[in-house]
Amino acid sequence: MESAYTIVVPDADVLSCVCGTNDSNLKLIEEHLGVPVFTRGNELSVDEENPAVREKFRFIIDRILDEIQDGGGNNQDIVASVLNTEPRPDMARDSIVVPGGLRKIYPRTEHQAQYIEMLRKYDMVLCTGAAGSGKTFLAVAEALRLVLLHDKARLVLTRPVVEAGESLGYLPGDLEQKINPYLRPLYDAMETVLPRETVRKLIESGVIETAPLAYMRGRTLNNSVVILDEGQNTTREQMKMFLTRMGENTKVFITGDTTQTDLPRRVPSGLVHALKLLEPVNEIGKMTLTAEDVVRNPLVRKIVKAYENEEQE
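What counts and how
- Counting from 1, residues in each chain are numbered in the order their sequence is written.
- Thresholds applied to this predicted model are a pLDDT of at least 70 for local features of residues and 80 or more for the giving and counting of side-chain atom pairs; totals over whole chains, interfaces and linings are not thresholded and use all residues.
- Remark: hydrogens and water are excluded; side-chain values derive from all non-hydrogen atoms of the structure.
- Per the convention used, a helix needs a DSSP run of H or I reaching at least four residues, while a strand needs a run of E reaching at least two, with both numbered from the N terminus.
- Residue burial is assigned from relative accessible area. The probe radius is 1.4 Å, only protein chains are included, and a residue is buried under 20% of its type maximum, exposed over 50%, and partly exposed in between.
- Contact criterion: two residues are considered in contact whenever any of their non-hydrogen atoms come within 4.5 Å of each other.
- Method for areas: the Shrake-Rupley scheme with a 1.4 Å probe, in which residue coverage is limited to the protein chains shown.
- Each direction from the helix axis to a C-beta atom contributes to the arc, which is the arc of those directions.
- Two N or O atoms count as a polar contact when they lie within 3.5 Å, although within protein this holds only if one can serve as hydrogen donor and the other as acceptor, and sequence-adjacent residues are included solely when both atoms are side-chain atoms.
- To get an axis, fit a line to the C-alpha atoms, keeping to the stretch in contact for a helix; angles then go from 0 to 180 degrees between the N-to-C directions.
- Angle categories are assigned with fixed cut-offs, so that under 35 degrees is roughly parallel, over 145 is roughly antiparallel, 65 to 115 is roughly perpendicular, and the rest are oblique.
- Handedness of a crossing follows from how the near helix is turned relative to the far one, being left-handed for an anticlockwise turn of less than a right angle and right-handed for a clockwise one.
- Residues are sorted three ways: Asp, Glu, Lys and Arg are charged, Ala, Val, Leu, Ile, Met, Phe, Trp, Tyr, Cys and Pro are nonpolar, and all the rest, Gly among them, are polar.
- The pairing criterion is simple: DSSP has to find at least two bridges between the two strands.
- Salt bridge, as applied in this entry: a Lys or Arg side-chain nitrogen positioned within 4 Å of an Asp or Glu carboxyl oxygen.

Notes on the overall build of the chain
- A tally of regular secondary structure across the chain gives 11 helices and nine strands.
- For the chain, buried positions account for 44% of its 313 residues.
- The long-range share in the chain, meaning contacts at least 24 apart out of those at least 6 apart in sequence, stands at 73%.
- Per element, the accessible surface of the chain, about 16,100 Å² overall, is 50% carbon and sulfur.

Some remarks on unusual backbone geometry
- A positive phi angle, near 60°, is found at Asp23, a position not held by glycine.
- For Asp23, the location among the structural elements is in the loop between α1 (12-19) and α2 (24-33).
- One non-glycine residue, His150, lies in positive phi territory at about 65°.

Topic: helix α10 (residues 270-277)
- For α10, the set of buried residues is Gly270, Leu271 and Ala274. Axial view of α10: buried residues confined to an arc of 95°, hence all on one face.
- In this structure, the buried side of α10 is in contact with β4 (124-128), α9 (236-243) and β8 (251-256).
- At the N-terminal boundary of α10, the capping side chain belongs to Ser269, with an oxygen 3.2 Å from the backbone nitrogen of Leu271.

Remarks on the environment of Leu102
- Inspection of the secondary structure assignment puts Leu102 in the loop between α4 (75-83) and α5 (110-121).
- C-alpha of Leu102 to C-alpha of Leu194: the two residues are 92 residues apart in sequence and 5.5 Å apart in space.

Quick word on the packing of α9 against α10
- Look at α9 against α10: their axes get within 8 Å of each other, and the N-to-C directions meet at 60°. Taken together, α9 and α10 sit at an angle that is classed as oblique. Note that α9 runs across α10; the crossing there is right-handed. For the pair α9 and α10, the contacting residues are Arg236, Met239 and Leu243 in the first and Gly270, Leu271, His273 and Ala274 in the second.
- Taken together, the residues that form the contact of α9 with α10 break down as four nonpolar, two polar and one charged.

Overview of the sheet that holds β4
- Spatially, six strands are ordered β6-β5-β7-β8-β4-β9 in an open sheet, and the strand pairing comes out parallel. At either end of the open sheet lies a strand with only one pairing partner, and these are β6 (208-212) and β9 (284-288). For this sheet, the mean inter-axis angle between neighbouring strands, taken without regard to orientation, is 15°.
- With five bridges joining them, β4 and β9 adopt parallel strand pairing. Residue pairing across strands places Cys127 opposite Met287, the latter belonging to β9.
- α9 rests against β4, β5 (154-159), β7 (224-228) and β8 of the sheet, and its axis sits at about 155° to β8.

With respect to the pattern of salt bridges
- Tallying each qualifying case throughout the model produces 15 salt bridges.
- In this structure, Glu43 engages Arg40 in a salt bridge whose closest nitrogen and oxygen atoms are separated by 3.7 Å.
- The partner of Glu209 in a salt bridge is Arg219, and the shortest N-O contact between them spans 2.7 Å. With Glu209 in strand β6 and Arg219 in the loop between β6 and β7, this pair connects stretches of sequence that are 10 residues apart.
- The network of salt bridges with common partners includes Arg184, Asp188, Glu191 and Arg196.

Everything listed is a geometric property; what it means functionally is a separate question.
Here you go:
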């Protein structure tokens, strides 16, 4: 194969992960490239002179190797997500590297890559999307990166305290214990990015602050990254109050799923209203993720897609 382009894989075990059971991953890569992929020892090769095919092959294998070695999850899911993301000249910048983090975080879809770019470009980003589409996780990862690089002094995480269709009744304990059930998804996201002990120390030192949305009133948040999660559960008044907390050198990320609003009937969502009202403001980033961006269990993607299709009928 005089025209072969070869990539050396670190060892046979990693190569086995790349190829998958009965070469199932390799077949997916071949279908995507449109050319055969050959294995020999710990090498992967394509017999192709086209520079575009070679570049795509290099991008695919490099991304898969990075994610497998970083413990990015199920190998088949990794391969599928990499193949779903087209290589671009600036794709290396799309990954999120959090100092002291557990692994490098890559966008799993093209929309997620655009979302990461938007989080870096704009001081305020409003992102809506289906459950599991990565809207909150990527915002948390990017916020932690900014804080741990000392670009921002602190990370403020907040959510409206609204129960999802059922009353939990009186919750005992201090403020932190009372709001913990509501903020648990944000803690889960942080602990996916950083060791739990690191997260604990950052919270104890005040670098990471968590609070219910009601506690934002009257504050001006300077030199911070502020994340409002479950924004669809804010009222119009709450959203206006939150948006005007933004101070100097601050980034604000707002996430929510407008199809899962837990507000009382006939109470309009503050996030839906803000998206319409702020549409003409070009300095604010607006992103929508769909069922195609869902990266949880593949069954979740099918469930979300079914609900989306029903709403369109």
